Amino acid sequence: MECTPPFLRLSPDIRRQIYEWVGLADYHPHFFRLNGQETEFFGLLISCKIIYQEASTLLYSRNRFIIRYTSPHSLAPLRSLTSRSLASLTSLRVILNEASCHQPEDSSHSYCCHLLRVYPYDGQTYCSHAHGGLHQAPATLSGSSTKDMLAEWTDAATYMSAHVNPRALEIKLVCDVQEDDVEAAQLAVAPLKLLSPLVNCHVRLCRKTNSQLQQIADAAVKHARGITQTAPDALTKPCLSSSTAPLVSHLLKLPQELRLRILEYTDLVTPWNEVTWSRQGRTSRKYSLCRVGCEYGASCPPEVHNGCQFVECWTIGCFCRLQHSAASDSCRCWAAPTDLFLICRTLYLDAQVVFFSQNRFVVHDYDSSSPSGVPNHEELLPRQYPFDRFAVSEFLRDVVPQGCLDMLRSLEVVFPPYNWEVWPQDDSPAQKDWLATVDWAKDKLNLRGLTLRVVMADVSDWGAPDDRVDMTAEQDRAIIKAYHRIITPLRLWGQPNSSSDTVLARFCANLVEPSKHTYSIEDPFWEEERSRVFEDQLKEKVERLVRGDELWEEQSGLPEPPRGLWKYAFRRDA
């Protein structure tokens, strides 16, 4: 008579606890590599058929599995899994080709991609040094290795489709192809059709953003999840789908007032009613959202916190549409809804009205990712303002369509704490261009409806540079003169004159005392109060300069309009 092993005499609940204690499952899912990773519990899996059935079900249902294509037959482990194991599988990441944003298997996020989002320059440096040997070249069908890789992926997906439980399986597919290789992208996502409908799906097709590859990724995810029937291989160029066309025709029949109200509930109005623009880094000539405190490990006010969900999405590895040609429901990052501007001319004009009138625009003169950051003045030869134009001049003349200037309702201009030698002088090209821009724009802006704020930002309290710690009185005066030099031309907008009596609705200035970090801190509370009083006096002086005494007196008792959110992202910067 065959004797039942003592372990199998235990109740199923106790056996399950033992499986968990030996590492088969935990409160948080573990990452396991299917490409030959050794485990401490391997002997348990091969001990007997009953134990294998119980243990494998727990192992594959409670953990996340990764398989990476490195050479021919790299995906063979998928075909080696039993039908029971595949039926229990709930999370699988397939990395066919990874050209950026390497994600360690024991981490829940891609650190280099997170750095690229927050600090673009540091992120690039870190990624090239730490992950240079891990990243691959973008895949292209011109090479036979790519064809072999995609064929092996198709065979593996075909085998899996007969055994997996689709509605319980989540797949993350990474296959970074060349930007112009649409066919390779279509072949990479085609096997997902065999596994549809999935409980969730995430796809990345290129390390850079590309509208055509983005559309293929979006269609692949929706098709894999059973949301739409549009196959990604049917998409070769952006187009308006037949299902959307009737909706557009009905929308155009509505009065413009109703169309504008409807468009206000789209991404044309950002979560914080604020859009950032900077000519530096990844935001060059692009609109973006400020990244507030939550992403930097700090807290943010409750009224701001709701929007934090729209600026961070890197917790499952990087499938962010702002960074890559990728699609994932985990990415809710705000991006300018360009599609709404491409439907027809009528909706294009309506979208412009909503976008420019319903958002506050914050223009950083140097870098929005670090408002206190400045160019290395020691590398500037000669030591002078490093640009031919102010960012606000470039924004008004080249970025905002000329027909939309009168739609702007709120504009904030932020200058970083430049070195005293770097601020523009009267004969600087940027200063001359600024004078011309102010005169050029006075008849194009709707000044009666525009609120303008000028901010001269402070240095970071994490470490003021030497030129601010050891500032002389002469250097302090030179910077304050630069403040006046930049703000004085705005009198043309702020006061009635012989050519026009139209003036700004509101003008506010927030100017930091340049030498506030120079004084010896024998009594820090007294020094802080002294600096605050000086900045209040300076603020009143320049606001009177722009508005004139009469208009300033009229509005001096009114509450100030809200400032840009960048001050929450860099609490110690300003």
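See above for the structure.
Residues numbered from 1 in each chain as written. Predicted model: local features only at pLDDT ≥ 70, side-chain atom pairs only at ≥ 80, totals over all residues. Heavy atoms only, no water.

### What to know about the packing of aromatic side chains
Tallying each qualifying case throughout the model produces 19 aromatic pairs. Measuring from ring centre to ring centre gives 5.5 Å for Phe390 and Phe415, while their planes differ by 85 degrees; the resulting arrangement is edge-to-face. Remark: Phe415 occurs in strand S10 (residues 410-415) and Phe390 occurs in the loop between strand S9 (360-364) and helix H17 (391-399); sequence separation between them is 25 residues. The two residues Phe390 and Phe415 agree in class, both being buried. Cation over ring: Arg279 sits above Phe387, and NZ or CZ is 3.8 Å from the ring centre. A cation over an aromatic ring shows up here: Arg397 above the ring of Trp440, its NZ or CZ 4.7 Å from the ring centre. (Phe/Tyr/Trp six-rings, centres within 6.5 Å; stacked < 30°, edge-to-face > 60°. Helix = DSSP H or I, 4+ residues; strand = E, 2+ residues; numbered from the N terminus. Buried < 20%, exposed > 50% of the residue type's maximum accessible area, 1.4 Å probe, protein only. Lys NZ or Arg CZ within 6 Å of the ring centre and 35° of its normal.)

### Focus: the side chain of Asn200
Residue position: Asn200 is located in strand S5 (residues 200-206). Judged by relative accessible area, which is 14%, Asn200 ranks as buried. When sequence neighbours within four positions are dropped, the list of residues in contact with Asn200 reads Leu169, Glu170, Ile171, Arg225 and Asp329. (Contact = heavy atoms within 4.5 Å.)

### A short note on the sheet that holds strand S6 (residues 274-278)
Spatially, the six strands line up as an open sheet ordered S7-S6-S9-S10-S11-S12, and their pairing is mixed. The open sheet is flanked by strand S7 (287-288) and strand S12 (506-511), the only strands paired with a single partner. Across the face of the sheet, H17 comes into contact with S6, S7, S9 and S10 while running at roughly 125 degrees to S9. (Pairing = 2+ DSSP bridges. Axes fitted to C-alpha atoms, helices over the stretch in contact; angles between N-to-C directions.)

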